[in-house]
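# Report on the structure
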Amino acid sequence: MTVIPPVGLGTWKASPGEVINAVKVAIDAGYRHFDCAYLYENESEVGEGIQYKINEGVVRREELFIVSKLWCTFHKKSLPGKDNMPLDHTGMVIPSNTDFLETWEAMEELVIEGLVKAIGVSNFNHEQLERLLNKQNLRIKPITNQIECHPYLSQKRLISFCQARDVSVTAYRPLGGSSEGVDLIDDPVIKRIAKKHGKSPAQILIRFQIQRNVIVIPKSVTPHRIQENIQVLDFELTEQDMNDIFSLEKNLRLATFPTTENHKDYPFHIEY
């Protein structure tokens, strides 16, 4: 059975020049989970950082859980083309119109052929996940549903739905999004709890997810933050801390993928 390490390194928007060193620092700090995607345009550099540490003897490939993702444009192809997000004349994405159940069958074959260890989904709402789980002749269940999750979007209902069906949840954007002006590390409640525990606000936000049995993939290219973000297993938030953090819920989604709103499977038209 494949086990996903509870804390991983997010690489979204990490520039190729930065991400090689970030991966090296992360492996030295104990990370064994790396979240990537072809869409991020830096997978080869992530691989370069990993290969460097393998060659040094610091880690073996078998110890690492490395994630990639299939963007909605490529559900008919085995490999992406040169244009990683083709758009039409109105600026909307040009998707492949494949049924995602057919795509899943192709992904199952990758596991059966030994090309990947495990397969999962990302940004699936509960109706989409239920449709997949109820698929006739489902050979391999999704190992995880990777979704945006932080105290302003706690995703209680979707996480409960997933976990009740033995599908883990991986939280991206766990710290909010500074580029959108929603930096949760500045929230007074988070800062107060951080001060109480002698931890950083980021560590509180990561620990919050771990105590919900949610895998978490904070993104950073700053060495001391990469190291700090994995140092979250030596303390525990109290029930009151958790309730105070849950009280911050605003149903605020930062990752809305506006160029995909025309897609037949756009997941955010329903509540969860």
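Residues numbered from 1 in each chain as written. Predicted model: local features only at pLDDT ≥ 70, side-chain atom pairs only at ≥ 80, totals over all residues. Heavy atoms only, no water.

Let us now look at the overall build of the protein chain. Scanning the protein chain for helices and strands turns up nine helices and nine strands. For the protein chain, whose C-alpha radius of gyration is 19 Å, the value lies close to the compact-globule estimate of 19 Å for 272 residues. For the protein chain, with 272 residues in total, the buried portion stands at 49%. Taking as baseline every contact in the protein chain between residues at least 6 positions apart, the subset at least 24 positions apart corresponds to 72%. Of the roughly 13,800 Å² of accessible surface on the protein chain, a fraction of 51% belongs to carbon and sulfur atoms. Side-chain charges in the protein chain split into 31 positive and 36 negative, and the spacing between the mean points of these groups amounts to 2 Å. (Helix = DSSP H or I, 4+ residues; strand = E, 2+ residues; numbered from the N terminus. Rg over C-alpha atoms; globule rule 2.2 N^0.38 Å. Buried < 20%, exposed > 50% of the residue type's maximum accessible area, 1.4 Å probe, protein only. Contact = heavy atoms within 4.5 Å. Areas by Shrake-Rupley, 256 points an atom, 1.4 Å probe, with all protein chains shown as cover. Lys, Arg positive; Asp, Glu negative; His and termini not counted. Charge placed at Lys NZ, Arg CZ, Asp CG, Glu CD.)

What follows is about the environment of Glu 105. Mapping Glu 105 onto the fold places it in helix α3 (residues 100–112). In the structure, Glu 105 is positioned 32 residues away from Asn 137 in sequence and 9.5 Å away in space, judged by C-alpha atoms.

Quick look at the packing of aromatic side chains now. What the rule picks out here adds up to five aromatic pairs. Ring plane angle 80° and centroid distance 5.4 Å describe the contact between Tyr 266 and Phe 268, whose orientation is recorded as edge-to-face. Of the two residues, Tyr 266 and Phe 268, neither departs from the other in class, the shared state being buried. An aromatic cluster is defined as three or more aromatic residues linked by ring pairs; in this entry it consists of Phe 257, Tyr 266 and Phe 268. Note that Arg 131 overlies the ring of Phe 100, its terminal NZ or CZ placed 5.0 Å from the centroid. Of note, Arg 207 hangs over the ring of Phe 235, and the distance from its end group to the ring centre comes to 5.9 Å. (Phe/Tyr/Trp six-rings, centres within 6.5 Å; stacked < 30°, edge-to-face > 60°. Lys NZ or Arg CZ within 6 Å of the ring centre and 35° of its normal.)

The interhelical angle for the contact between helix α6 (residues 188–197) and helix α7 (residues 201–210), taken along N-to-C directions, is 95°, at an axis separation of 8 Å. It follows from the interaxial angle that α6 and α7 lie roughly perpendicular. Of the residues in α7, those touching α6 at Ile 190, Lys 191, Ile 193, Ala 194 and His 197 are Pro 201, Ile 204 and Leu 205. Considered class by class, the residues forming the contact of α6 with α7 number six nonpolar, one polar and one charged. (Axes fitted to C-alpha atoms, helices over the stretch in contact; angles between N-to-C directions. Parallel < 35°, antiparallel > 145°, perpendicular 65-115°, else oblique. Nonpolar A, V, L, I, M, F, W, Y, C, P; charged D, E, K, R; others polar.)

Before going further, it helps to spend a moment on the UniProt feature "site: Lowers pKa of active site Tyr" (unreviewed entry) in the protein chain. What UniProt calls "site: Lowers pKa of active site Tyr" (unreviewed entry) maps, in this numbering, to Lys 69. Tracing the backbone shows Lys 69 in the loop between β3 (65–67) and α3. With a relative accessible area of 23%, Lys 69 lands in the partly exposed category. Leaving out residues up to four positions away in the same chain, Lys 69 has contacts with Asp 35, Cys 36, Ala 37, Tyr 38, Tyr 40 and Gln 146. (UniProt positions renumbered as here; feature names shortened; annotations may be inferred.)

Strand β6 (residues 168–172) sits mainly inside the fold: four of its five residues count as buried. In this sheet, β6 lies alongside strand β5 (residues 144–148) in parallel orientation, the contact comprising five bridges. Among the inter-strand pairings, Thr 144 is bridged to a residue of β6, identified as Ser 168. Once you follow β5 into helix α5 (residues 156–164) and on to β6, the crossover reads as right-handed. Where β6 and strand β9 (residues 215–216) come together, two bridges link them in parallel fashion. The residue bridging Thr 170 from the neighbouring strand is Ile 215, located in β9. (Pairing = 2+ DSSP bridges. Right-handed = clockwise from strand over helix to strand, strands pointing away.)

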